[in-house]
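# Analysis of the macromolecular model
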Amino acid sequence: NCKALKSVKFDCKLEKLATGIFSGCVALKDVKIPSGVASIEDYAFNKCASITDLAIPKSVTAIGSYAFNGCKLRVIANFSDKLEFIAQKAFISSNVVEAYIPAGATVSYSSFNGAQALTLMVFEVAKGETKLFPQEFLSAAGATNNFSLVITGKVTFGGQAPFPGRNGQKLY
């Protein structure tokens with residue numbers, strides 16, 4: 001039970017933050033993920049509503065399901081080229097503001113669903129053509145009317161309604 005935990009400092013080398021390590025730590029406010037962490041597993045920061053600032057190290061290659069569910073932190077997720085995978089609902093109902101997704105990374109179904117503060121998403125597309133299914137990670141995202149999607153490279157969009165809920169919004 002970690003409901004009273006307010007701060008965490010790691011003085012050791014870590015390769016991953018285990019499943020549910022801080023899940024439900026509602027008072028947790030101060031935590032720094034150490035450089036070298038490659039994986040933030042499922043539910044790692046689930047419902048940690050008090051965290052307001054968190055840097056995701058460039059060493060992270062995978063982010064698990066619900067890893068940041070319900071986190072109220074305002075994050076600019078500027079992932080490194082090492083990022084390979086963002087699991088389904090990883091940032092669901094979080095306050096992620098911007099997300100920069102590197103070429104080759106897989107973004108799963110509903111990864112950013114309910115991210116009300118999301119205003120910018122940038123995808124770098126590797127050489128060749130990539131097929132994106134935006135409804136799988138943006139459907140009902142609740143992003144503001146100022147939402148921007150930037151894609152570098154050649155892309156085709158799959159699905160019947162690539163941008164559901166975007167009634168009249170400009171995408172450029």
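This structure is a prediction, so every number in the text was calculated from the model and none was measured.

By size, the foremost hydrophobic cluster in this structure holds 40 residues, and its most contacted members are Ile40, Phe45, Phe68, Phe79, Phe91, Ile101 and Phe112. Of all the elements in the fold, those that place two or more residues in this core are strand E8 (98-101) and strand E10 (120-132).

Okay, the state of the cysteines next. Counted according to the given criterion, the structure contains 1 disulfide. Here Cys2 connects covalently by a disulfide to Cys25, the sulfurs 1.8 Å from one another. With the S-S dihedral at roughly -110°, the linkage between Cys2 and Cys25 falls on the left-handed side. Taken together, the positions of Cys2 in the segment before strand E1 (7-8) and Cys25 in the loop between strand E2 (16-17) and strand E3 (30-31) put the pair 23 residues apart, joining distant regions of the chain. Considered together, Cys2 and Cys25 belong to a single accessibility category, that of buried residues. Lacking any disulfide linkage, Cys48 is separated from the closest cysteine sulfur, that of Cys25, by 5.2 Å. The structure places no disulfide on Cys71, whose sulfur is separated from the nearest cysteine sulfur, that of Cys48, by 5.3 Å.

Cut-off values and rules
- Residues numbered from 1 in each chain as written.
- Predicted model: local features only at pLDDT ≥ 70, side-chain atom pairs only at ≥ 80, totals over all residues.
- Heavy atoms only, no water.
- Core = buried A, V, L, I, M, F, W, Y, C linked by side-chain atoms within 4.5 Å.
- Buried < 20%, exposed > 50% of the residue type's maximum accessible area, 1.4 Å probe, protein only.
- Helix = DSSP H or I, 4+ residues; strand = E, 2+ residues; numbered from the N terminus.
- Disulfide = S-S within 2.5 Å.

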